[in-house]
Amino acid sequence: MYLRKLHRRSRALAGRWLTGVHAYTDTLAQRRPLWMVSLAIDETNLSEGLRAACASSAMLLLGLLFDHPDFSWAAIGAFWTCLADAAGTRRMRFVSMVGFGLLSTVAGGLTALAAGHGVATAAIAVLLFSWAGALARIWGAATAQVAILAATACVVMVTHPLASMTQAAPFLGLYMFGCLFATVLSFTVWRIHPFGPSRRAIRAAYSRLAGIARDNARFLAHDAAQADVAAHGASYRSQARAALEAARVALAAVPPARAGRSALYDNLLLALSDAERIFAYLIAVTHTCEREQQRLRQDPRARRSLEVMAVLLRRLGQAVQRQPETPPLELQRRLAGCGRRLEAALGALLPLRLNVDFMELGLPRAAQLPWREAAFLALGQAWQTAKVNATPQSLSWRHAARVSLATTAGFLLVEALHIPFGYWATMATLLILQPSVSTTWPRGIERVAGSVLGAVLAVLIGLVIYTPLGISLVVFPLIVATMALRRVSYSLHVLFMTPAFVLVADYAAPASEMVYAMSRLGNNVLGCVLALLATFFLWPDREADDLDQRLAKAVSANLKYLLAVLAAGGKWDSAIARLRREAGLASNNAEQVLQRLRIERRLDRSSGVGLAALRTLPLLRRVAGSTARISLSPQAEPAPPALQQWIAGVSGEIDALLRGAADASAPGPCVADSLTPLQADAVAQVQLLRGLLREHVQAQAEETPGKLTQIAE
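Residues numbered from 1 in each chain as written. Predicted model: local features only at pLDDT ≥ 70, side-chain atom pairs only at ≥ 80, totals over all residues. Heavy atoms only, no water.

A. The packing of aromatic side chains, seen in detail. Counted under the stated rule, the structure contains six aromatic pairs. Seen in terms of ring centroids, Phe177 and Phe181 are 6.4 Å apart; in terms of plane orientation they differ by 35°. Their pairing is tilted. Of this pair, Phe177 and Phe181 both sit in helix 7 (residues 165-187), separated by four residues, roughly a single helical turn. Look at Tyr423 and Trp424: their rings are 5.3 Å apart centre to centre, the planes differ by 55°, and that puts the pair in the tilted class. For Tyr423, a relative accessible area of 15% translates into the label buried. Between Arg93 and the ring centre of Phe187, over which it is positioned, the NZ or CZ distance is 4.7 Å. For the cation-ring pair, Arg443 lies above Tyr490, with the distance from its terminal atom to the ring centre recorded as 4.0 Å. (Phe/Tyr/Trp six-rings, centres within 6.5 Å; stacked < 30°, edge-to-face > 60°. Helix = DSSP H or I, 4+ residues; strand = E, 2+ residues; numbered from the N terminus. Buried < 20%, exposed > 50% of the residue type's maximum accessible area, 1.4 Å probe, protein only. Lys NZ or Arg CZ within 6 Å of the ring centre and 35° of its normal.)

In structure tokens form, the structure reads like this:
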């Protein structure tokens, strides 16, 4: 009863807290430098943090009640079980949580028993289970999450050697009890609404749209001479596109039994459709702001309208999450009014229309098969995937081998040097190692930064907290922050997790918090170093350098989108929306590859394509903005056949240029006399793109005569 009341109050508290944070960040955003990217505050999940904190703190209080320090392992099991909770249907969540509890208990118990028979057998157990945990990524994100957490349990339990099953039974029983308690709590008192993940995903999408509006307002308030303006705007658009795709997936995952007879589902689908239209609208607004910045800087109306629009978009996302059964008509009316004021300030015909039509998800609907059929189907698919990856040539296989060798090396190192709390080093190695340098390096930096600040926080807490009861109470808010912020920032997640684990360790074996905190910090640094060394020297497989292919697809997709919009005029239909989405995804993919090459310092070795991409991708964003303006303008008319033929001809020429053909046949100049201003703007962007790529191909031909870059479509 009390826990259920706490759950309801936590949801209300989370709403009020997020409202305050959002108001603060909206004010703070105006004072930040233009290059700074805000944290994903809307990804905060206070309810999830409270659930994990209740489960873990309850185990610590039971240990205090029964004077049994080993209940700290039950608290750790409860915390890990909440981490293993896979978003999705109730069945997916139940399988992930119960599966983690059973898998981590069995694998961790075997590792502890192996440790009881010597370092050699313990190292073999760590090698096998860390390899299996890393290989599980071939079966998807949810399976990888459960498996890597189970492997983490193994590298932690190896420090608790057990001589026999008689000795192991009470210890593993307590740990399993914590896992089961967290599972029961999640499906009784702290239940998640079937539409909860999709509601949060749509709120996150609206938050990203608010970020675009806020970014445009800051852009109009700053000097255009800043070099990173284009990259910054592109990052916000990329994040918004990713958030919209995540919302599509979340809605598609709703079981048909729920979606088919629910007005709530229809409201969410309409909210996502509006979000897609708003995204296209903001792309067009961004393009107008870039072209008219000098004029608009003298007129504060546009900046004020964009700031208000950012606030309204964020509130819309909150309203959709809190009360999806009631359409937020008042907020939509205010947003439309803000759009009209912005349209007048920009001096461009950009009407913002909402509640127009439903979106076609374009994703297969989630099928709810009976338990037995679903289990057999999943096992069959898993077996086929395992056979495909059961070869040393598989990147996943080599990544698993890299993880297992690095983790085992870390275990043997801390054992040989008798480093206290050495499992933190092996745990850091296991969790930091990613398939490529571009992902391992930033994750390691984030973990070290979070550990440094977390160690300082642990020392400060340890100066005033001594008793087990005080530790149990202080752990509660730390776990709340750890879980609530894990999707916001990995550094913040580690920052609060560090003192939480330090205090739980102190609960089991009282000692100096300074020793615990400094050991945690040093071992995390050691784990990061081992992970980076393994990434660079153990099968240093970097992801494929396919920037040339990604760039070609991005150019092709954006020109197809432009051609379709020119042919349809200002018409908006599902085909136009699909092409716009494909163009955005293709540009995002190329930008991600470009960013990865920059992190791995391979940009200068990417056959010269990297330098072209640095100039081409921002220009593609402008092409998309010009296209969006045409598609939203009520005065847009279908382009004349000559213009459509010219665009198609230029598209073929650019395709040949990207294949390295410097002598590609070029269509004649476009006659701009009969073009509307919007069509002329699009033609100007295409001509810039064409000239840039031709200049690049000619430069490449001069540097490497006779060498052609082969592009596979």
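Further notes follow.
B. Seen up close, the pattern of salt bridges. Evaluation of the coordinates by the stated rule reveals 14 salt bridges. For Arg690, the salt bridge identified is with Glu653, shortest N-O distance 2.8 Å. In this pair, Arg690 sits in helix 26 (residues 677-703) while Glu653 sits in helix 25 (residues 641-658), placing the two residues 37 residues apart along the sequence. Per residue, the accessibility class of Arg690 equals that of Glu653, and both read buried. Bridged by salt links that share partners, the residues Arg241, Glu245, Arg248, Glu276, Arg580 and Arg581 form one connected network. (Salt bridge = Lys/Arg side-chain N within 4 Å of Asp/Glu carboxyl O.)

C. Broad picture of empty space enclosed by the protein. All told, the structure shown has six cavities of 30 Å³ or more when counted by the stated rule. Size it by volume and the largest cavity reaches roughly 140 Å³. If you go around the largest cavity, you meet 14 residues; those closest to its centre are Asn267, Ala271, Pro327, Pro328 and Gln332. Only helix 11 (263-291) and helix 13 (300-322) provide two or more residues apiece to the lining of the largest cavity. Considering every element that reaches the lining of the largest cavity, the biggest residue donor is helix 11, with five residues. (1 Å grid on protein atoms, 1.4 Å probe; cavity = no way out; pocket = protein on both sides within 12 Å on 5 of 7 lines; lining within 4 Å. Points joined across faces, edges and corners; volume = space filled by probe spheres on them.)

D. A look at the nonpolar core. Ranked by size, the top nonpolar core spans 102 residues in total, and within it Leu209 and Leu313 carry the most contacts. With 16 residues, the single largest contributor to this core is helix 11. Non-local contacts of Leu313, meaning those with residues more than four positions away in its chain, are made with Tyr206, Leu209, Ala210, Ile278, Leu282 and Leu335. (Core = buried A, V, L, I, M, F, W, Y, C linked by side-chain atoms within 4.5 Å. Contact = heavy atoms within 4.5 Å.)

E. Quick peek at the environment of Leu251. Counting through the fold element by element, Leu251 comes out in helix 9 (residues 229-252). Given the relative accessible area of 0%, Leu251 is considered buried. With 50 residues separating them along the chain, Leu251 and Ala201 place their C-alpha atoms 8.8 Å apart.

All quantities given are derived from atomic positions and should not be read as evidence of function.
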